[in-house]
Amino acid sequence: MKIVDVKLGMLKVPLITPFKTALRTVECVEDVIVMLETDDGRIGYGNAPATAVITGDTHASVIAAIREIFSPLLLNRDVGDLNQLAREIDGAMVNNTSAKAAVEIALYDLFAQGFGVPLYRALGGGENSLTTDITISVDYIDKMVADAESAVERGFEILKLKVGKDIRLDIERIKAVYAAVKGRALLRLDANQGWSPKQAVQAIRSLEDAGVLLELVEQPVKARNLEGMRYISERVKTPIMADESVFGPLEMMDIIQGRVAEIINIKLMKTGGITNALKMTDLAGLYDVECMVGCMLETSIGVSAAAHVAAARSAVVSKLDLDVPSLCEFDPVIGGATYTDADVILNDTPGLGIEKIEGLKLLA
Ligand code: MG
């Protein structure tokens, strides 16, 4: 199965409510879509959102990387040489992890299609049904409590609260949501780098002292401040999870060996695709570290690819944060995994199982 064409498109999906974190506010999901076409008429799909404040990637940079570097690299190559192709993609340019992820997801889609099995089975198999948390955006206290209540009514048992704005208000927000959903849902916090190490210790300890039980606190401090994250980990009981601090396997080793955080959030747009994500789950297994598999604000193509990885590596992936399709008004990706509130059901059709994408605007 040879790759004979690389096509690009843009896909936009409105969010039900704006997504607000300490870093940004987003109104809709918009991705660059990559389609790898093969000589036997198959299409492999991949995607990349713009996440300038996290990965440094924009739509324009993703398109340029694919057109100038990855497309020439992939044309006329055999999909069966997956490992070799993945090595070449990773080595062809530094950074640009979202563009790498887009082409790698499409390659893995084709690779699994070639065997006639869903992607998670090509990765070794697993359960086809998963459960995700849902994000509650940072907002006025009453709004966060109302959003949390309605998420619990929709069947979500784990809520991920976005905080990291004003520390005193953050503590009030968390206490209010905790009081509202106590016993019905577990809370995770994501501070998105918004606190200082001392603020984080103060906030987490005051919550612990107030009896607020948190499953974990994600990325309390700046991505590069590993020393600061270790400072927090050493001083609180609540597990700390690294997200923006960890892109690939090398950063993960630094976190594990330096005892910086207890849990690692793996996202394909940070790892540069599935190959590195698998390496990271293998490392997690070796070192007995827990993992979350998460996603960016991206369309269901990449979210589903992440879900397939999580299913195939469920022995170490104990936490899922794949709620973006549930935050969108509709899913334009037809076929593939389905998202109904907290339930993610993987396709039993080959690869990612995508039949077509509605509203896709092809790029010339
Ligand atoms: Mg995060």
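These numbers come from a predicted model, not from an experiment. (Residues numbered from 1 in each chain as written. Predicted model: local features only at pLDDT ≥ 70, side-chain atom pairs only at ≥ 80, totals over all residues. Heavy atoms only, no water.)

1. Brief notes about the overall build of the protein
Here's step 1: Looking only at helices and strands, one finds 13 helices and 17 strands in the protein.
Here's step 2: Taken against the 2.2 N^0.38 rule, which gives 21 Å for 364 residues, the C-alpha radius of gyration of the protein at 20 Å falls within 12% of a compact globule.
Here's step 3: Within the protein, the proportion of its 364 residues that are buried is 58%.
Here's step 4: Carbon and sulfur atoms form 49% of the exposed surface of the protein, whose accessible area is close to 14600 Å².
Here's step 5: Here the protein contributes 37 positive and 51 negative side-chain charges, whose respective centroids are spaced 5 Å apart. (Helix = DSSP H or I, 4+ residues; strand = E, 2+ residues; numbered from the N terminus. Rg over C-alpha atoms; globule rule 2.2 N^0.38 Å. Buried < 20%, exposed > 50% of the residue type's maximum accessible area, 1.4 Å probe, protein only. Areas by Shrake-Rupley, 256 points an atom, 1.4 Å probe, with all protein chains shown as cover. Lys, Arg positive; Asp, Glu negative; His and termini not counted. Charge placed at Lys NZ, Arg CZ, Asp CG, Glu CD.)

2. Points about helix α6 (residues 167-181)
Here's step 1: The end-to-end C-alpha distance of α6 is 21 Å, a good match for the 21 Å that 15 residues give at a rise of 1.5 Å each.
Here's step 2: For α6, the N-terminal capping position is held by D166, with its side-chain oxygen 3.0 Å away from the main-chain nitrogen of R168. (Expected span 1.5 Å × (residues − 1). Polar contact = N/O pair within 3.5 Å; in protein donor to acceptor, adjacent residues only side chain to side chain.)

3. Thoughts on the pattern of salt bridges
Pairing of side chains with opposite charge becomes possible as their charged atoms draw close.
Here's step 1: For the structure shown, the criterion picks out 24 salt bridges.
Here's step 2: In this structure, the salt-bridge partner of D321 is K160, at a minimum N-O distance of 2.5 Å. On the criterion of sequence distance, the pair formed by D321 in strand β12 (residues 317-321) and K160 in strand β6 (residues 158-162) is long-range, its members being 161 residues apart. When sorted by exposure, D321 lands in the same class as K160, which is buried. (Salt bridge = Lys/Arg side-chain N within 4 Å of Asp/Glu carboxyl O.)

4. Concerning the packing of aromatic side chains
Here's step 1: For the coordinates displayed, the defined rule picks out one aromatic pair.
Here's step 2: The ring of Y231 carries R235 above its face, with NZ or CZ at 3.7 Å from the centroid. (Phe/Tyr/Trp six-rings, centres within 6.5 Å; stacked < 30°, edge-to-face > 60°. Lys NZ or Arg CZ within 6 Å of the ring centre and 35° of its normal.)

5. A word on the layout of surface pockets
Here's step 1: There is about 600 Å³ of room inside the largest pocket.
Here's step 2: Lining the largest pocket are 25 residues, with N95, F247, G248, E251 and K270 sitting closest to its centre.
Here's step 3: Sorting the residues of the lining of the largest pocket by element identifies α3 (97-115), α9 (249-257) and α10 (268-271) as the ones contributing at least two each.
Here's step 4: By residue number, the principal contributor to the lining of the largest pocket is α9, which donates four residues.
Here's step 5: Looking at which domains feed residues into the lining of the largest pocket, each of domain 1 (3-117 + 358-362) and domain 2 (121-356) supplies at least three.
Here's step 6: For the second largest pocket, the calculated volume is near 330 Å³.
Here's step 7: What lines the second largest pocket is a set of 17 residues, and nearest its centre among them are T17, T135, K143, D147 and L327.
Here's step 8: Those elements that provide at least two residues to the lining of the second largest pocket are β1 (3-20), β5 (134-136), α5 (141-153) and α13 (324-327).
Here's step 9: Ranked by the residues each element gives to the lining of the second largest pocket, the list is headed by β1, at five residues. (1 Å grid on protein atoms, 1.4 Å probe; cavity = no way out; pocket = protein on both sides within 12 Å on 5 of 7 lines; lining within 4 Å. Points joined across faces, edges and corners; volume = space filled by probe spheres on them. Domains from an automatic or database assignment.)

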